[in-house]
Amino acid sequence: MNEKFLLSSDITYLNNKAAPLSNGCAVAVGSFDGVHLGHRRLISKLVDESKRLGVPSVVFSFDLEDNPKSAPLLADKKQKAYVLRKLGVDIIVSGRFSDFRDIEAEAFALDFLLGELGAKSIICGYDFRFGKDRKGSVELLKELLTQKGVEISVPEVALYGETPISSSMIRSLISEGDVKTATNLLGRYFSFSGEIKRGAQLGGKLGFPTINQDYPDFLVKPKFGVYAVYLKLEGEVYSGVANFGIKPTVGGTTPLCETHIFDYSGDCYGKTAEISFVEFIRPEQKFNSVDELKEQIALDTEKAWSVLFQI
């Protein structure tokens with residue numbers, strides 16, 4: 001087995017009991033950014049195929065963080081792996097874009113998918129493109145591999161209304177602040193994780209202590225504004241209200257997530273927390289005074305509380 005490209009990939013075993021790749025596999029190929037409802041339809045078919053054939057289920061995707069032309073992402077690697085494991089995937093193979101971008105379509109299908117992964121069944125979307133200059137198509141995949149005994153499956157498209165669910169659609173929703181619809185299409189809350197850092201502690205002086213987190217550059221940015229949120233910290237889930245933006249009232253310039261956690265009084269500086277955006281409350285705005293800001297934070301807190309606790 002020629003493992004030229006497999007050896008340059010990151011292989012993550014989500015199921016420690018999974019058989020090695022040398023025994024063959026069922027493989028789903030695509031970006032799977034965010035693992036939204038459209039992707040989950042492919043993953044469901046993948047898991048069914050792997051059980052039918054008695055081989056491990058493998059997701060192959062490119063490391064999008066390695067692609068300079070990649071759009072802002074919907075999930076980091078850890079989130080993606082967590083969701084795929086929950087859906088029953090055994091193995092993730094992440095190919096570095098820089099190692100694969102010049103492979104011709106025929107070589108990707110024959111040498112990598114068949115030769116290196118040992119694919120017995122391949123699941124992909126109707127619009128799947130692969131190989132150098134994206135010349136490969138589902139039709140070419142079938143032409144090259146069906147005759148070699150490989151089954152090619154293209155599950156029915158998942159729709160939102162009459163439009164196919166896509167990562168670009170969900171990115172647009174998040175950037176517009178519609179995180180509620182994004183949640184429905186992702187099958188989970190849109191979230192990010194980051195280290196809790198010390199800020200100017202203005203929130204504490206106003207009676208609403210907050211935590212501060214830098215926002216990852218590679219993730220899609222929600223609309224600047226105030227959100228009802230959940231926060232996961234050290235295995236516990238808390239409710240809160242967060243401002244994502246540049247804090248114009250105090251002269252901020254860099255996007256920051258500042259969260260007031262309900263019913264929490266511990267010291268969490270230096271720890272990592274995951275913020276899940278539940279519902280958009282209002283756009284970020286500049287206030288004429290700190291007193292105006294304090295009054296608005298009280299209203300935002302009340303609104304977030306009513307959203308999260310359905311009051």
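Anyway, here's the lowdown on the structure attached to this text. (Residues numbered from 1 in each chain as written. Predicted model: local features only at pLDDT ≥ 70, side-chain atom pairs only at ≥ 80, totals over all residues. Heavy atoms only, no water.)

A short note on the layout of surface pockets
Reported here for the largest pocket is a volume of approximately 1400 Å³. The wall of the largest pocket is formed by 47 residues, among which Gly30, Ser31, Phe128, Arg129 and Arg134 lie closest to the centre. In terms of residue count, helix α1 (residues 37–53) provides more of the lining of the largest pocket than any other element does, four residues in total. Tallied by class, residues from the lining of the largest pocket come to 22 nonpolar, 13 polar and 12 charged. Along its surface, the second largest pocket is lined by 24 residues, and Gln79, Tyr82, Ser191, Lys232 and Glu274 are the ones closest to its centre. Going through the elements one at a time, α2 (77–86), β9 (190–195), β11 (225–233) and β14 (272–283) are the ones with two or more residues in the lining of the second largest pocket. (1 Å grid on protein atoms, 1.4 Å probe; cavity = no way out; pocket = protein on both sides within 12 Å on 5 of 7 lines; lining within 4 Å. Points joined across faces, edges and corners; volume = space filled by probe spheres on them. Helix = DSSP H or I, 4+ residues; strand = E, 2+ residues; numbered from the N terminus. Nonpolar A, V, L, I, M, F, W, Y, C, P; charged D, E, K, R; others polar.)

As for the packing of helix α6 (residues 167–175) against helix α7 (residues 179–186)
Running from amino to carboxyl end, α6 crosses α7 at an angle of 155 degrees, the nearest separation of the two axes being 8 Å. Compared by their axis directions, α6 and α7 come out roughly antiparallel. Crossing of α6 against α7: the hand is left-handed. Across from Met169, Ile170, Leu173 and Ile174 in α6, the residues of α7 making contact are Thr181, Ala182, Leu185 and Leu186. Here the contact of α6 with α7 is composed, by residue class, of seven nonpolar, one polar and no charged. (Axes fitted to C-alpha atoms, helices over the stretch in contact; angles between N-to-C directions. Parallel < 35°, antiparallel > 145°, perpendicular 65-115°, else oblique. Left-handed = near helix turned anticlockwise from the far one by under 90°. Contact = heavy atoms within 4.5 Å.)

Some details on the pairing of strand β12 (residues 236–245)
For β12, the buried fraction is high: seven of the 10 residues fall into the buried class. In terms of strand pairing, β11 meets β12 through nine bridges, oriented antiparallel. By the bridge assignment, Gly225 is partnered in β12 with Phe244. The antiparallel pairing of β11 with β12 creates a hairpin that spans two residues between the two strands, and Glu234 there sits at a positive phi of about 50 degrees. Inspection of the sheet shows β12 paired to strand β13 (residues 256–261) by six bridges, in the antiparallel sense. Bridge pairing in β13 places Gly240 opposite Ile261. (Buried < 20%, exposed > 50% of the residue type's maximum accessible area, 1.4 Å probe, protein only. Pairing = 2+ DSSP bridges.)

Observations concerning the packing of aromatic side chains
The relative placement of two aromatic rings is captured by the distance of their centres and the angle of their planes. Following the criterion strictly, the structure yields 22 aromatic pairs and no others. Joined through ring pairs, the aromatic side chains of Phe60, Phe62, Phe97, Phe100, Phe108, Phe112, Phe128 and Phe130 make up one cluster. (Phe/Tyr/Trp six-rings, centres within 6.5 Å; stacked < 30°, edge-to-face > 60°.)

Examining the sheet that holds strand β4 (residues 91–96)
As summarised here, the arrangement of the six strands in space is β1-β4-β3-β2-β5-β6, forming an open sheet in which the pairing is mixed. Looking at which strands have only one partner, the edges of the open sheet turn out to be β1 (10–13) and β6 (151–153). For this sheet, the mean angle separating the axes of adjacent strands, direction not counted, is 25 degrees. Note: β1 against β4, four bridges, orientation antiparallel. Considered in β4, the bridge of Tyr13 is made with Ile91.

A look at helix α9 (residues 290–309)
With 20 residues, α9 extends 28 Å from end C-alpha to end C-alpha; this agrees with the ideal 28 Å at 1.5 Å per step. All buried positions along α9 are accounted for by Leu293, Gln296, Ile297, Asp300, Thr301, Ala304, Val307 and Leu308. The buried side chains of α9 occupy one side of the element, clustering within an arc of 150 degrees when seen end-on. Facing away from the buried side of α9 by more than 90 degrees, the exposed set consists of Asp291, Glu295 and Glu302. With its phi angle positive at about 55 degrees, Gln310 sits one or two positions after the end of α9. (Expected span 1.5 Å × (residues − 1). Arc of directions from axis to C-beta.)

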